[in-house]
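Coordinate inspection notes
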Amino acid sequence: EEYDNVNVETVNISRASASTETTYKKMTTTITQNGNYYRYKNRLVWKNIPKVRSYDIIGIGFLASVKVKGNTFFEQDYCYDSGSCYTSTTNYPQTFSTGVGTSFAIPTGDLSSLSQTFYFDVEKNTSYTIVSQKAYGDYSHATSTVSLANSKKYSVASGGISLDTTIYNSYDAINKATASWSGSW
């Protein structure tokens, strides 16, 4: 509860980018063109390092007019108080018809910085011209110890990450960040 029980939350939405910010986290979801396709990205930066370290979940929901093309990509960057910095790509993705998410372990130790980036490309899932796209970025932080198997009990859609009832009380929440794109594709 300490992570998201804050008095002030700001949501800044532009044409293809949206951010949600609390005292502990800042999450930014973007839609950018990548050749003939579009890239949906969700990046979370920790402003205060979390005390509980277990398996967290990051995800992006999308509209039925698109589908995932190729692989998903995940990167966790972190630095220790000693000054040593590392990048981890270990993650456990799951793809749904309405979105994609992945579970990953938060590193232990005395950290000075921590961030996660998750992205994938989408292609059209329709023969019609697409004039609007939405990417629904979300993040669930484990507030108690959760096993890898249990961290996979979720789905992702336009509402963000939906946790199974068996793990719902083991995670906190942040308001989803909805990036909106308009044009002709």
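See the structure shown above.
The rules behind the values
- Residues numbered from 1 in each chain as written.
- Predicted model: local features only at pLDDT ≥ 70, side-chain atom pairs only at ≥ 80, totals over all residues.
- Heavy atoms only, no water.
- Helix = DSSP H or I, 4+ residues; strand = E, 2+ residues; numbered from the N terminus.
- Rg over C-alpha atoms; globule rule 2.2 N^0.38 Å.
- Buried < 20%, exposed > 50% of the residue type's maximum accessible area, 1.4 Å probe, protein only.
- Contact = heavy atoms within 4.5 Å.
- Areas by Shrake-Rupley, 256 points an atom, 1.4 Å probe, with all protein chains shown as cover.
- Lys, Arg positive; Asp, Glu negative; His and termini not counted.
- Charge placed at Lys NZ, Arg CZ, Asp CG, Glu CD.
- Pairing = 2+ DSSP bridges.
- Axes fitted to C-alpha atoms, helices over the stretch in contact; angles between N-to-C directions.
- Core = buried A, V, L, I, M, F, W, Y, C linked by side-chain atoms within 4.5 Å.
- Phe/Tyr/Trp six-rings, centres within 6.5 Å; stacked < 30°, edge-to-face > 60°.

**What to know about the overall build of the protein**
Across its full length, the protein carries one helix and 14 strands. Against the 2.2 N^0.38 benchmark of 16 Å for 185 residues, the protein shows a C-alpha radius of gyration of 16 Å, consistent with a compact globule. When its C-alpha atoms are laid out on the principal axes, the protein stretches across 50 × 35 × 30 Å. Looking at the 185 residues of the protein, the share that counts as buried comes to 44%. Looking at the protein alone, contacts between residues at least 24 apart form 71% of all its contacts between residues at least 6 apart. Carbon and sulfur atoms make up 46% of the accessible area of the protein, which totals about 8,900 Å². Side chains of the protein give 16 positive and 15 negative charges; the mean places of these two sets differ by 10 Å.

**A few points about the sheet that holds strand 14 (residues 177-182)**
Strand pairs in the sheet, formed through backbone hydrogen bonds, run parallel or antiparallel to each other. The sheet built from five strands is open, its strands ordered 8-9-5-11-14 with antiparallel pairing. The open sheet has two edge strands, strand 8 (92-96) and strand 14, and neither has a second partner. Neighbour-to-neighbour, the strand axes of the sheet open up by a mean angle of 15 degrees, direction not taken into account. Pairing between strand 5 (residues 55-62) and strand 9 (residues 99-105): seven bridges, direction antiparallel. Bridge pairing in strand 9 links I57 to S103.

**Focus: the nonpolar core**
Counting 32 residues, the largest nonpolar core has I31, Y40, F120 and Y139 as its most contacted members. For this core, the secondary-structure elements that each account for two or more residues are strand 3 (25-34), strand 4 (37-46), strand 5, strand 6 (66-80), strand 9, strand 10 (111-124), strand 11 (132-140) and strand 14. With five residues, strand 10 is the single largest residue contributor to this core. Among all residues touching F120, those that are not within four sequence positions of it are Y38, R39, Y40, I60, F62, V68, N71, T72 and V100.

**A word on the pairing of strand 8**
Sheet topology places strand 8 next to strand 9; five bridges connect them, and they run antiparallel. Looking across to strand 9, one finds that Q94 is bridged to G101. Counted along the chain from strand 8 to the antiparallel partner strand 9, the turn is two residues long.

**A look at the pairing of strand 7 (residues 85-88)**
Alignment of strand 6 against strand 7, held across four bridges, turns out to be antiparallel. Residue pairing across strands places D77 opposite T87, the latter belonging to strand 7. Here strand 6 hands over to strand 7 after four residues, with G83 in that stretch at a positive phi of 105 degrees.

**Considerations on the packing of aromatic side chains**
Tallying each qualifying case throughout the model produces 13 aromatic pairs. Aromatic side chains Y80 and Y86 sit 5.9 Å apart centroid to centroid with 75 degrees between the ring planes, which places their arrangement in the edge-to-face category. For Y80, a relative accessible area of 24% gives the class partly exposed. When its relative accessible area of 43% is taken as the criterion, Y86 is described as partly exposed.

**Side note on the environment of K26**
Structurally, K26 is set in strand 3. C-alpha separation for the pair K26 and R43, spaced 17 residues apart in sequence, amounts to 8.2 Å. With sequence-adjacent residues up to four places away left out, K26 is seen in contact with S19, T20, E21, R43, L44, V45 and K47.

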